[in-house]
Amino acid sequence: MVELLSKLGTWNWLIIGLVLMSIETFAPGVFMLWLGLAALIVGLLSFGIAWSWQAQVIAFAALAIAMVPLWRYYSGRNARPTDKPFLNRRAEGLIGRVFTLEKPIVDGIGTVRIDDTVWRVSGPDAPSGSRVKIVSADGASLRVELA
């Protein structure tokens, strides 16, 4: 293993970088991309710097550790606002709306029909047909209060 590492050169880093980036295309998640980019940078630097394999591995590790937080910072700062903020958080988009109970709330549990879906609700006991306001969402369960 040490012999293999001692022969680690420029082309090896470039190949490792391309392999890591190609893995990203088959298993997307924008993580391997940054490891691949770190390997490519080490490979490109190796064209101009004659350094030991230990220094190359340390440079790769440092770049890999630095790339992910930098990308998270950069992508969070440049996130564009969307016209559908609750697209994947449907329950949160229901907070503040008022609906009619489909089944009564008994012992704190009942149901309400919203569009074509029946949602489980929790709140104070109330008869069927009562108007309730959604005050919070916890997964697929909604917390309500009487409207």
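If you're wondering where the values come from, they're calculated on a predicted model, not measured in any experiment.

A. Summary view of the sheet that holds strand S1 (residues 98–106). Strand order in the closed barrel made by the five strands is S1-S2-S3-S5-S4, with mixed pairing throughout. Averaged over neighbouring strand pairs, the angle between their axes works out to 50° when direction is ignored.

B. How the structure looks around helix H4 (residues 53–77). Compared with the 36 Å implied by 1.5 Å per residue over 25 residues, the 36 Å span of H4 between its first and last C-alpha is a close match. Where H4 is concerned, the buried positions are Gln56, Ala59, Phe60, Ala64, Met67 and Val68. Taken together, the buried residues of H4 touch helix H2 (10–26) and helix H3 (32–48).

C. How the structure looks around the UniProt feature "transmembrane region" (unreviewed entry) in the chain. The sites that carry the UniProt feature "transmembrane region" (unreviewed entry) are, in the present numbering, residues 57–74. Secondary structure across residues 57–74 comprises 100% helix and 0% strand; the distance between its end C-alpha atoms is 25 Å.

D. Looking closely at the domain arrangement of the chain. Each domain of the chain was delimited in the assignment, giving domain 1 (1–77) and domain 2 (85–146). Once you take the C-alpha centre of each, domain 1 and domain 2 turn out to be 50 Å apart.

E. Geometry of the packing of aromatic side chains. Counted under the stated rule, the structure contains three aromatic pairs. Taking the centre distance of 5.6 Å and the plane angle of 85° together, the rings of Trp11 and Phe47 count as edge-to-face. Taken as a pair, Trp11 in helix H2 and Phe47 in helix H3 lie far apart in primary sequence, 36 residues in all. Aromatic side chains Trp13 and Phe60 sit 5.2 Å apart centroid to centroid with 35° between the ring planes, which places their arrangement in the tilted category. Taken together, the residues span a long stretch of sequence, with Trp13 in helix H2 and Phe60 in helix H4 at a distance of 47 residues. Judged by its relative accessible area of 4%, Trp13 falls in the buried class.

Calculation notes
- Residues numbered from 1 in each chain as written.
- Predicted model: local features only at pLDDT ≥ 70, side-chain atom pairs only at ≥ 80, totals over all residues.
- Heavy atoms only, no water.
- Pairing = 2+ DSSP bridges.
- Helix = DSSP H or I, 4+ residues; strand = E, 2+ residues; numbered from the N terminus.
- Axes fitted to C-alpha atoms, helices over the stretch in contact; angles between N-to-C directions.
- Expected span 1.5 Å × (residues − 1).
- Buried < 20%, exposed > 50% of the residue type's maximum accessible area, 1.4 Å probe, protein only.
- Contact = heavy atoms within 4.5 Å.
- UniProt positions renumbered as here; feature names shortened; annotations may be inferred.
- Domains from an automatic or database assignment.
- Phe/Tyr/Trp six-rings, centres within 6.5 Å; stacked < 30°, edge-to-face > 60°.

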